[in-house]
Amino acid sequence: MAGGVDFALDRRRALAGKSGWAGLVHNRRVFLIAVFASLGGLYACIMKSFDNRMASAVNNSGTKGWLVAILELGAWFGVLCTGYLADKLSRKYTIVLAVIVFCIGVVVQTAAYHPSSIYGGRFITGMGVGSLSMAVPLYNAELAPPEVRGSLVALQQLAITFGILVSFWIDYGTNYIGGTGDSQSEAAWRIPLALQLVPALVLGAGILFMPFSPRWLVNQQRDDEALQVLSRARGLPTDSDLVQIEFLEIKAQYVFEKETSALKFPQYQDGTSRSNFLLGVHDYLSLLRSPTLLRRVLVGSLTMFFQQWTGVNAILYYAPSIFTDLGLTGNTTNLLATGVVGIVMFLATIPAVLYVDKVGRKPVLVSGALIMAACHLIVAVLTGLYHNSWGSAPDPISQSHKYGHEMLVMWAETDVRLKGAGWAACVFVWIFSIAFGYSWGPCAWILVAEIWPLSIRGKGLSIAASSNWMNNFIVGQVTPSMMTHLGFGTFVFFGAFSLMGGIFVLLFVPETKGLTLEEMDAVFGDSEGLGVADQERQTEIANRIGLTAYAQGGEKGNPEQYDDEPKA
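Criteria and cut-off values
- Residues numbered from 1 in each chain as written.
- Predicted model: local features only at pLDDT ≥ 70, side-chain atom pairs only at ≥ 80, totals over all residues.
- Heavy atoms only, no water.
- pLDDT = per-residue confidence, 0-100.
- Contact = heavy atoms within 4.5 Å.
- Salt bridge = Lys/Arg side-chain N within 4 Å of Asp/Glu carboxyl O.
- Buried < 20%, exposed > 50% of the residue type's maximum accessible area, 1.4 Å probe, protein only.
- Helix = DSSP H or I, 4+ residues; strand = E, 2+ residues; numbered from the N terminus.
- Axes fitted to C-alpha atoms, helices over the stretch in contact; angles between N-to-C directions.
- Parallel < 35°, antiparallel > 145°, perpendicular 65-115°, else oblique.
- Left-handed = near helix turned anticlockwise from the far one by under 90°.
- Nonpolar A, V, L, I, M, F, W, Y, C, P; charged D, E, K, R; others polar.
- Phe/Tyr/Trp six-rings, centres within 6.5 Å; stacked < 30°, edge-to-face > 60°.
- Expected span 1.5 Å × (residues − 1).
- Core = buried A, V, L, I, M, F, W, Y, C linked by side-chain atoms within 4.5 Å.

**What to know about the confidence of the model for the protein**
Next up, step 1: On average, residues of the protein score 75 in pLDDT, and 70% of them reach the 70 mark or higher.
Next up, step 2: In this model residues 40-49 is a low-confidence stretch, pLDDT under 50, and it forms 42 contacts with partners more than four residues away in sequence or in other chains.
Next up, step 3: The low-confidence segment residues 556-566, where pLDDT is below 50, has 23 contacts with residues more than four positions distant or belonging to other chains.

Take a look at the structure:
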């Protein structure tokens, strides 16, 4: 951008508040709205304690993989539909629709008596989950001031990790309903599944009382409403410099993209459903044809690719099996070790919410990737050395009548060493969870929510989020077979991908901390947006809608007098 637009950006930055915790307190109204919207992350409470009822699906590694992964397949489909719906219905009503779909899937699962119902229910639930995973960070990103946007988008990941934490411990508690053996009541898994309805219904009802995204309102030419939303969200009058400049920046970006569309596709400007559909198709195609947009597609999609191939969901989905393989025997011990994963990941996400807008995205992502890679490789070494011995040492007390004192002492020492190795591997799994919780968990979603231009933001985020869920699906599908056939090689595999993810971010991902959603063009080298002709048009738009006047300290304009009709 140029001229008055650049001056306005400098002026807004000077007027903007602090980042981090101070920024969240200062923008407490937006913070509370984002907290509520992030209830969409509490879908994570998924239980697996139904082995007896669903034995035909659970006891085979292939069908077990499908039982887990079909939710991610549904999420992939749901997220692809959400890009269009978020632009058409609004971010707000898309969240409501996603909640309805999610609840239908939960009811089908809760009432299931056969694996086919679980498969169908999880696919439908996944559609809602995928839609929420995209619509919620999009909504939070568009409502948030730039100085705390990362923190507010990270709230969804905090909600997800809280859902994981709750699900692990609900699993631990309901595991005892009717006993832990064959007498266990089916309520042990039906109750946790049904409990997913609680946060979903609260979100679905409450979001109706939340504001629309101001950027979506501008896209719908509802300028007065957008200005009022910004005013209430910032706690400032509508004529304050900060509110006016932020509104005019959004308006300038919308008018620029509208006029660009009129220049490129004059045949689709009649407002009919057919023309709007074809414009949407061309928006998706532009993601591949435009070099700067293609770069954003690659950054968003590959960031989500590496997030999933860190192996985090392999650990979350199959934590009980993994801890058993690490030599931790006994159902109670196993579940306790698994529950700690939820605790440490939740606690580790809190610093990300508070400090990601101070530290930046790249340092957090790179450091997290390196720690996760190191943890995977250490666990691989411990598993490779001791996995054939875990659980094989005889119990010294039960064998005391057969063998001499020296043999029993040797067995006791071996047993202690093996258990120590198992718990050491367990600790590094926990450290891995901490690293993911503060880095790739929240920051990947922050990054892919903030890199898109206004006109194709919903569609661009849907592509990136679909990468997340498709790779999530693949990880869930192949992990049981990998654990069976590769053993400790599974950790080497995920460790290598964690390292590659860190290198990718270091070399190819730009830092987006503190930028407005309208400033991303410059970061991604948008030669189209910064070309001479487009630059002149942006300056003309800034003059026309009053943004230049604000930048130069001139008279304040009135939203009703902005001439924003596209001029081809």
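**With respect to the pattern of salt bridges**
Oppositely charged side chains can form a pair if their charged atoms are brought close together.
Next up, step 1: If you walk through the whole model with that rule in mind, you get seven salt bridges.
Next up, step 2: Across the pair Asp 87 and Arg 91 runs a salt bridge, and its minimum N-O distance is 2.9 Å. With respect to class, Asp 87 is no different from Arg 91; both count as buried.
Next up, step 3: One salt bridge in this structure joins Arg 544 and Glu 540, with 2.5 Å as the shortest N-O distance. Linking Arg 544 with Glu 540, this pair stays in helix H25 (residues 532-545), spanning four residues, or about one helical turn.
Next up, step 4: When salt bridges with common partners are traced through the structure, they connect Asp 87, Arg 91 and Glu 142 into a single cluster.

**Describing the packing of helix H6 (residues 91-110) against helix H7 (residues 115-143)**
Next up, step 1: Here H6 crosses H7 at 160°, and the two axes come no closer than 7 Å. One way to sum up the angle between H6 and H7 is to call them roughly antiparallel. Relative to H7, the crossing made by H6 is left-handed.
Next up, step 2: A class-by-class count of the residues in the contact of H6 with H7 yields 17 nonpolar, eight polar and three charged.

**Details of the packing of aromatic side chains**
Next up, step 1: Enumeration according to the criterion identifies 13 aromatic pairs in this entry.
Next up, step 2: With centroids separated by 6.0 Å and ring planes inclined at 65°, the aromatic side chains of Phe 305 and Phe 497 adopt a geometry described as edge-to-face. Linking Phe 305 in helix H15 (residues 291-308) with Phe 497 in helix H23 (residues 489-508), this pair joins segments that are 192 residues apart in sequence.
Next up, step 3: Here Phe 305 falls in the partly exposed class, since its relative accessible area comes to 22%.
Next up, step 4: Linked through ring pairs, Phe 305, Phe 306, Trp 309, Phe 493, Phe 494, Phe 497, Phe 504 and Phe 508 together constitute an aromatic cluster.

**Topic: helix H21 (residues 440-450)**
Next up, step 1: Where burial is concerned, most of H21 is hidden: eleven out of the eleven residues are buried.
Next up, step 2: Restricting attention to buried positions, one finds in H21 the residues Trp 440, Gly 441, Pro 442, Cys 443, Ala 444, Trp 445, Ile 446, Leu 447, Val 448, Ala 449 and Glu 450.

**So, H15**
Next up, step 1: For H15, with 18 residues, the first-to-last C-alpha span of 26 Å sits near the 26 Å given by 1.5 Å per residue.
Next up, step 2: Those residues of H15 lying buried are Thr 292, Leu 293, Arg 296, Val 297, Val 299, Gly 300, Ser 301, Thr 303, Met 304, Phe 306, Gln 307 and Gln 308.

**Looking at the nonpolar core**
Next up, step 1: Within the largest apolar cluster, 102 residues are counted, with the highest numbers of intra-cluster contacts made by Ile 95, Trp 440 and Trp 452.
Next up, step 2: Looking at this core element by element, the count peaks at nine residues for helix H19 (residues 361-386).

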